[in-house]
Amino acid sequence: QVQLVESGGGLVQAGGSLRLSCAASGRSLNSYASGWFRQAPGKEREFVAVIRWSGSTYYADSVKGRFTISRDNAKNTVYLQMNSLKPEDTAAYYCAAGEFRGLSVWVSMSPAPYWGQGTQVTVSS
């Protein structure tokens, strides 16, 4: 079992930056791929970024070049640095940790990963 707790969300103006954190307990994140999804009101949850145990990273096209995912093994924490934020980035952001069976499979949230409770990011125009 892995417990995930996100923090770092908030309200920011367009063009600003935020850094989300996801602190894990129960097991080391080294055992899993870990990443971020987001869900805007009335929309389905969507993939944002993932980092594999090897350190390889993947991003959704909508955030590529603006967001950076990283992991601190000593702190058992995953981060999402978000720069050049846009109003369309407004969503609840969820941390996830689980088995990586390929990017398309991860994007489809299969097998179901462990989830955090979410942190709200609101970008004003």
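This text gives an overview of the structure that appears in the document. Per chain, residues are indexed from 1 in the order of the written sequence. The model is predicted, so local features are restricted to residues of pLDDT at least 70 and side-chain atom pairs to those at 80 or more, both for listing and for counting; the totals for chains, interfaces and linings are taken over all residues. Water and hydrogen atoms were dropped before computing side-chain values, which therefore reflect all heavy atoms in the structure.

As used in this record, nonpolar core signifies buried Ala, Val, Leu, Ile, Met, Phe, Trp, Tyr and Cys residues forming a set joined through side-chain atoms within 4.5 Å. For each residue, the accessible area found with a 1.4 Å probe, counting protein chains only, is set against the maximum for its type, and the residue is called buried under 20%, exposed over 50%, and partly exposed in between. Formed by 35 residues in total, the largest nonpolar core has its most connected members in Trp36, Leu80, Met82 and Tyr93. The set of elements that each furnish at least two residues to this core consists of β3 (18-25), β4 (33-39), β5 (46-51), β7 (67-72), β8 (77-82), β9 (91-98) and β11 (119-124). Contacts are assigned to residue pairs with any non-hydrogen atoms lying within 4.5 Å of each other. Contacts of Tyr93, omitting those with residues within four sequence positions, involve Glu6, Leu20, Trp36, Phe37, Arg38, Val48, Phe67, Leu80, Met82, Gly118, Thr119 and Val121. Working definition: helices are DSSP H or I runs of at least four residues, strands are E runs of at least two. Numbering for both runs from the N terminus.

Pairing of aromatic side chains here covers Phe, Tyr and the six-membered ring of Trp, requires ring centres within 6.5 Å, and sorts the geometry by plane angle: under 30 degrees stacked, over 60 edge-to-face, intermediate tilted. In this structure the tally under the stated criterion is 7 aromatic pairs. Plain terms: the ring middles of Phe37 and Phe47 are 6.0 Å apart, the flat faces sit at 70 degrees to each other, and that makes the pair edge-to-face. Placement of the pair is Phe37 in strand β4 and Phe47 in strand β5, with a sequence separation of 10 residues. The pair Phe37 / Phe47 is uniform in exposure class, with both members buried.

With 8 of 8 residues buried, β9 lies mostly within the body of the structure. When DSSP finds two or more bridges between two strands, those strands count as paired. Direction of pairing for β4 relative to β9: antiparallel, over a ladder of 7 bridges. The residue bridging Arg38 from the neighbouring strand is Tyr93, located in β9. Inspection of the sheet shows β9 paired to β11 by 3 bridges, in the antiparallel sense. Within β11, the position partnered with Ala92 by the bridge is Gln120. Of the strand pairs in this sheet, β9 and strand β10 (residues 114-115) are connected by 2 bridges, and their pairing is antiparallel. The residue bridging Ala97 from the neighbouring strand is Tyr114, located in β10.

Summarising the element assignment, Glu6 is placed in strand β1 (residues 3-7). Charged residues are defined here as Lys and Arg on the positive side and Asp and Glu on the negative side; His and the ends of the chain fall outside this count. Every case where a carboxyl oxygen of Asp or Glu lies within 4 Å of a side-chain nitrogen of Lys or Arg is listed as a salt bridge. One buried charged residue, Glu6, remains without a salt bridge, the closest side chain of opposite sign being Arg45 at 7.4 Å. In protein, a polar contact means a hydrogen-donor-capable atom and an acceptor-capable atom, both N or O and within 3.5 Å, with residues adjacent in sequence counting only if both atoms are side-chain atoms; elsewhere, any N or O pair within 3.5 Å suffices. For Glu6, the side chain forms a polar contact with the main-chain nitrogen of Cys95, separated by 2.7 Å. Those residues in contact with Glu6 that lie beyond four places of it in its chain are Ser21, Cys22, Trp36, Tyr93, Tyr94, Cys95, Gly116, Gln117, Gly118 and Thr119.

Moving on: the side chain of Arg66. Here Arg66 shows up in the loop between β6 (57-59) and β7. Among the polar contacts listed, one links the side chain of Arg66 to the backbone oxygen of Ser62, at a separation of 2.9 Å. Within the local environment of Arg66, its side chain forms a polar contact with the backbone oxygen of Ser84, the two atoms lying 2.9 Å apart. In this view, Arg66 contacts Gln81, Met82, Asn83, Ser84, Leu85, Lys86 and Asp89; residues no more than four positions away in its chain are not counted.

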